Structures are given as structure tokens and as C-alpha cells.
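Tertiary structure, described
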2 protein chains.
Amino acid sequence: MPQGKVERVPDDGLTTRERRRQPLLAVHTGTGKGKSTAAFGMALRAWNAGWPIVVFQFVKSPKWRVGEETALKALGEHHASTGTGAPVTWHKMGEGWSWLARPGDERDHAAEAAEGWAQVKRDLAEERYRFYVLDEFTYPMKWGWVDVDEVVATLRERPGNQHVLVTGRDAAPALVDAADLVTEMTKVKHPMDAGRKGQQGIEW
Amino acid sequence: MPQGKVERVPDDGLTTRERRRQPLLAVHTGTGKGKSTAAFGMALRAWNAGWPIVVFQFVKSPKWRVGEETALKALGEHHASTGTGAPVTWHKMGEGWSWLARPGDERDHAAEAAEGWAQVKRDLAEERYRFYVLDEFTYPMKWGWVDVDEVVATLRERPGNQHVLVTGRDAAPALVDAADLVTEMTKVKHPMDAGRKGQQGIEW
């Protein structure tokens with residue numbers, strides 16, 4: 001809503017331009033579909049704005065997100081060859097995080113998730129990207145694999161102008177409190193209710 | 001959820017494989033953000049599956065969707081040069097629909113929306129694409145610019161294997177009834193509540 005009117009002008013001493021450029025912490029939660037999908041849709045806008053994108057995929061699945069991963073990496077290649085858009089980096093758990101040399105199969109999920117979060121922290125501290133998708137990151141928080149208070153404090157205190165988008169069900173209340181934008185996706189009707197299974201191109 | 005269990009197996013005489021490949025009619029509605037964004041995220045999967053994509057953007061705005069449009073068109077170019085993915089076609093109202101030679105400025109919105117829908121019907125009849133995004137199409141339906149019953153009947157009877165995704169608030173009940181997948185996006189918290197305006201890379 002670029003032309004949108006705001007409900008009130010905050011008394012924060014910032015100009016509209018400064019306020020407009022504030023880094024965003026967004027959360028997509030709820031039990032419906034579209035949480036991650038909308039995050040990757042937002043990444044298209046970030047790409048077009050020339051913001052380096054990174055995805056941390058905190059799920060273990062051979063199929064999920066393969067369409068988004070292939071397409072976003074193609075956009076990264078398009079950037080490399082034409083200069084349009086921005087670079088795209090994609091890390092996923094399950095196959096071992098991209099920055100680790102060794103495969104991750106023998107290690108446990110909790111340790112892997114903690115390693116993923118440690119890398120997010122390093123990247124935020126170095127201001128390495130402008131747009132972060134922490135996909136399904138609510139689960140390691142929920143399961144105690146990473147410390148919610150530490151996550152929230154790190155995100156609140158992140159330097160520079162780095163946008164962070166967290167997806168997943170059951171977002172921690174402290175994360176919701178810290179977020180600027182929270183959207184809940186609710187299932188109204190799903191084809192699995194009618195006995196259909198997922199299909200390529202739609203579900204992955 | 002490619003590995004998902006369905007709640008019941010329908011008595012429709014189809015194999016799982018046939019049922020899996022049924023064309024999908026999806027609706028993203030509700031007052032929250034992410035309706036269109038999730039639709040464009042789904043388009044990434046369709047692209048990766050090699051399905052020709054078309055977007056009909058039933059909104060008049062110079063900025064909205066420009067990030068998604070640029071990125072999806074770049075994916076279409078990537079397909080043209082590498083063969084990966086699928087072609088992408090993007091039509092928008094407001095600037096005059098892409099297939100019309102004359103500019104649309106002097107005509108009224110209702111006539112333009114009806115022309116857009118007439119083109120969708122022609123494309124569906126010809127099975128010209130595999131993945132259709134009818135962006136903000138709930139509004140011309142709501143405002144009576146296109147006939148809801150005719151839209152629903154056309155979508156129900158579309159030939160072949162064409163997936164259609166409709167976005168926008170206040171989806172007509174008949175459309176929701178006809179849809180296989182309906183997700184409602186609900187706003188929990190939005191930065192405009194705190195007096196921020198939209199910014200490039202996030203909102204467009």
C-alpha cells in the first residue's frame with residue numbers, strides 16, 4: 001500500500017522517509033497454507049529491490065520448497081549474468097547446512113538447528129544480507145532447540161537495515177511482540193479434506 | 001505435504017495418481033497481507049514444474065506487484081535462455097491489457113475488468129496455460145463487473161489440467177464453494193498500525 005494513509009503519525013522524531021526505511025521483522029504463522037509461500041513471494045520484491053537474500057530452511061524434507069529453491073536460485077543466476085535483482089543464498093538443514101563441509105546425517109536435529117541459528121547470528125552481526133527468510137524457524141524455538149529470549153533479543157538488536165521474516169506455526173508470543181508485521185494464515189478448505197494428495201507444482 | 005496422509009480416500013473411482021493430478025482451484029482471501037504474495041510464491045513451484053504461467057492483474061496501481069512482475073518475468077527470460085522452468089505471461093489492467101493494442105485510459109474499469117475476464121475464458125478454453133493467477137479478481141466479482149455465476153461455472157467446467165488461483169478480499173461464497181483450496185489471511189499486526197508507511201522491497 002505505497003500510497004496508504006497511516007492510522008497515526010508516531011512521535012519518534014523520524015521523518016516519513018526514515019520511518020519508511022526501517023528494517024522489518026515479519027512473522028507468518030497460523031495453521032493454514034501460504035506462510036512460507038508468501039515469504040518467498042516477498043523475496044521476489046526484495047530481489048527486485050536489489051537486496052541480497054538468504055534463506056535458512058529449518059526443515060528436513062527432500063521435496064518441500066524445491067520449486068521455490070530452484071526458482072530463487074535461478075533469480076540469483078539471473079542477477080549474476082545480467083546485474084538485475086540481487087544474489088540469492090539458500091541454506092538447508094537436513095542435507096547439512098551449506099556452509100558446513102561435513103554432511104549432517106549423523107547429527108541430531110537440535111544440534112543442527114542450533115548451528116543454523118548461530119550462522120544467522122553471524123550473518124546479522126556482519127550485515128551480510130538485506131532480506132532473511134528463517135523458514136519454519138518457529139519449530140526449533142518451540143522445541144527448545146534455540147532459546148526464544150536470545151532469538152528475540154538478537155533480532156531486536158540486529159544492526160543496520162536487515163529485514164527478517166520468520167515462518168511457522170505457533171510463533172512464540174515474545175516473537176510476535178517483537179515483530180512489526182504478523183499475519184496468520186487460516187485454513188478454510190483444503191483438497192486433502194477431500195482425499196487428494198499433494199502434487200508437484202502445487203505442494204512442492 | 002507430499003508425504004501427507006489424507007483424512008479419507010474418496011470413492012471416486014480414481015487412482016491416487018489420477019487424484020493427485022487433478023487441477024486445482026485455489027482462493028486466497030481475508031483482510032490480511034500475503035494473499036497475492038502467496039500466489040506468486042506458488043507460481044515459483046509452478047514455474048519449476050515447467051507449467052506455463054499467466055497472471056491477470058485486476059488492479060490499477062503503478063507500484064503494486066512491480067517486484068513480483070519483474071522477478072517472474074526474469075524467470076520467464078531464464079526459461080527462454082536455458083530451458084529451465086516455464087514461460088511467464090503477465091497482463092495488467094490499468095495500463096490497458098497486454099493483448100490490446102490501444103491504451104485503456106479512456107475506458108471505464110468495469111469494461112476493462114470484463115475484457116480481462118473474457119480473455120481468461122478464451123485462454124482456459126484453449127488450454128493455453130497451466131497456472132493462472134487471477135490477482136484481485138474477487139473485486140470485479142464483488143462489484144458486479146463480471147457475473148459470479150458465470151465465473152464459477154466457467155472455472156468448474158474448465159477443460160484439461162489447468163490450475164487457477166484467485167486472490168482478493170471478500171471472495172464470493174459460490175467461488176469458495178467451488179474451490180478446492182481456500183486460505184484466509186488475517187492481519188495480526190501491521191507496521192502501518194505503528195504509523196509506518198510502505199517501503200520498496202517490502203510492499204512493492
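Predicted model only: the values in this text are computed from it and were never measured. (Residues numbered from 1 in each chain as written. Chains lettered and ligands numbered in written order. Predicted model: local features only at pLDDT ≥ 70, side-chain atom pairs only at ≥ 80, totals over all residues.)

A closer look at the overall build of chain A
Helix and strand content of chain A: seven helices and six strands. Put simply, chain A runs from its N terminus to its C terminus through helices and strands in the order α-β-α-β-α-β-α-β-α-α-β-α-β. Per-residue burial for chain A yields a buried fraction of 46% across its 204 residues. Excluding contacts between residues fewer than 6 apart, the proportion of contacts in chain A whose partners are at least 24 apart in sequence is 76%. (Helix = DSSP H or I, 4+ residues; strand = E, 2+ residues; numbered from the N terminus. Buried ≥ 20, exposed ≤ 12 C-beta atoms within 10 Å, placed from the backbone. Contact = placed C-beta atoms within 7 Å.)

Examining the sheet that holds strand β6 (residues 181-189) of chain A
Strand-to-strand pairing in sheets goes through backbone hydrogen bonds, with the strands running parallel or antiparallel. Judged by pairing direction, the sheet is mixed, and its twelve strands sit side by side in the order β3(A)-β2(A)-β4(A)-β5(A)-β1(A)-β6(A)-β6(B)-β1(B)-β5(B)-β4(B)-β2(B)-β3(B) without closing on themselves. Unpaired on one side and paired on the other, β3 (88-92) of chain A together with β3 (88-92) of chain B mark the two borders of the sheet. Neighbouring strand axes in the sheet, compared pairwise and without regard to direction, differ in orientation by 15 degrees on average. As paired elements, strand β2 (residues 53-57) of chain B and strand β4 (residues 131-135) of chain B share five bridges and run parallel to each other. Pairing of Phe56 of chain B across the sheet is with Leu134 of chain B, part of β4 of chain B. Each of β1 (25-29), β2 (53-57), β3, β4 (131-135), β5 (163-167) and β6 of chain A touches helix α2 (residues 35-48) of chain A; the most contacted strand, β4 of chain A, lies at about 165 degrees to it. (Pairing = 2+ DSSP bridges. Axes fitted to C-alpha atoms, helices over the stretch in contact; angles between N-to-C directions.)

Structural notes on the nonpolar core
Grouped together as the largest cluster of nonpolar side chains are 98 residues, with contacts concentrated most on Ala43, Ile53 and Leu134 of chain A together with Ala43, Ile53 and Leu134 of chain B. Setting aside anything within four residues of it in sequence, one finds Ile53 of chain B in contact with Ala43, Ala46, Trp47, Ala86, Val88, Thr89, Tyr129 and Phe131 of chain B. (Core = buried A, V, L, I, M, F, W, Y, C linked by C-beta atoms within 7 Å.)

Focus: helix α4 (residues 109-126) of chain A
Residues and elements named next belong to chain A. Over its 18 residues, α4 runs 26 Å from end to end, which matches the ideal 26 Å to within 8%, given 1.5 Å per residue. All of the buried residues in α4 are Glu112, Ala113, Gly116, Trp117 and Val120. Projection of α4 onto a plane perpendicular to its axis shows the buried side chains occupying an angular sector of 135 degrees, all on one side. Opposite the packed face of α4, turned more than 90 degrees from it, sit the exposed residues Ala111, Ala118, Arg122 and Glu126. (Expected span 1.5 Å × (residues − 1). Arc of directions from axis to C-beta.)

A few points about the packing of helix α3 (residues 66-82) of chain A against helix α2 (residues 35-48) of chain B
For the pair α3 of chain A and α2 of chain B, interaxial distance at closest approach is 8 Å and the crossing angle is 85 degrees. Comparing the axis directions of α3 of chain A and α2 of chain B gives the class roughly perpendicular. Taking contact as the criterion, the partners of Val66, Gly67, Glu68, Thr70 and Ala71 of chain A in α3 of chain A are, on α2 of chain B, Gly41, Leu44, Arg45, Trp47 and Asn48 of chain B. When its residues are assigned to classes, the contact of α3 of chain A with α2 of chain B shows four nonpolar, four polar and two charged. (Parallel < 35°, antiparallel > 145°, perpendicular 65-115°, else oblique. Nonpolar A, V, L, I, M, F, W, Y, C, P; charged D, E, K, R; others polar.)

A few points about α2 of chain A
Residues and elements named next belong to chain A. Between the first and last C-alpha of α2 there are 21 Å, a value that for 14 residues agrees with the 20 Å anticipated at 1.5 Å per step. Along α2, 14 of the 14 residues are buried, which leaves the element largely enclosed by surrounding structure. Of the residues trailing α2, Gly50 is marked for its positive phi of about 85 degrees.

Topic: unusual backbone geometry
For Glu136 of chain A, which is not a glycine, the phi torsion comes out positive at approximately 65 degrees. Turning to its location among the elements, Glu136 of chain A is positioned in the loop between β4 and α5 (138-142).

Some thoughts on the pairing of β4 of chain B
Residues and elements named next belong to chain B. The element β4 is extensively covered by neighbouring structure, given that five of its five residues are classed as buried. Sheet analysis places β4 next to strand β5 (residues 163-167), joined by four bridges and oriented parallel. Along β5, the bridge assignment pairs Phe131 with His163.

Describing the environment of Trp64 of chain B
Residue and element names in this part refer to chain B. Tracing the sequence through the fold places Trp64 in the loop between β2 and α3 (66-82). Sequence spacing of Trp64 and Ala111 is 47 residues, and the spatial spacing of their C-alpha atoms is 21 Å. Beyond its immediate sequence surroundings of up to four residues, Trp64 is in contact with Val59 and Trp204.

Some points on the confidence of the model for chain A
Model confidence for chain A is summarised by a mean pLDDT of 85, while 79% of its residues fall at 70 or above. Overall fold confidence (pTM) sits at 0.81, and the ipTM for the predicted complex is 0.76. (pLDDT = per-residue confidence, 0-100.)

Quick word on the environment of Val164 of chain B
Tracing the sequence through the fold places Val164 of chain B in strand β5. For Val164 of chain B, the residues in contact, after removing those within four places along its chain, are Leu25, Tyr132, Leu134 and Leu155 of chain B.

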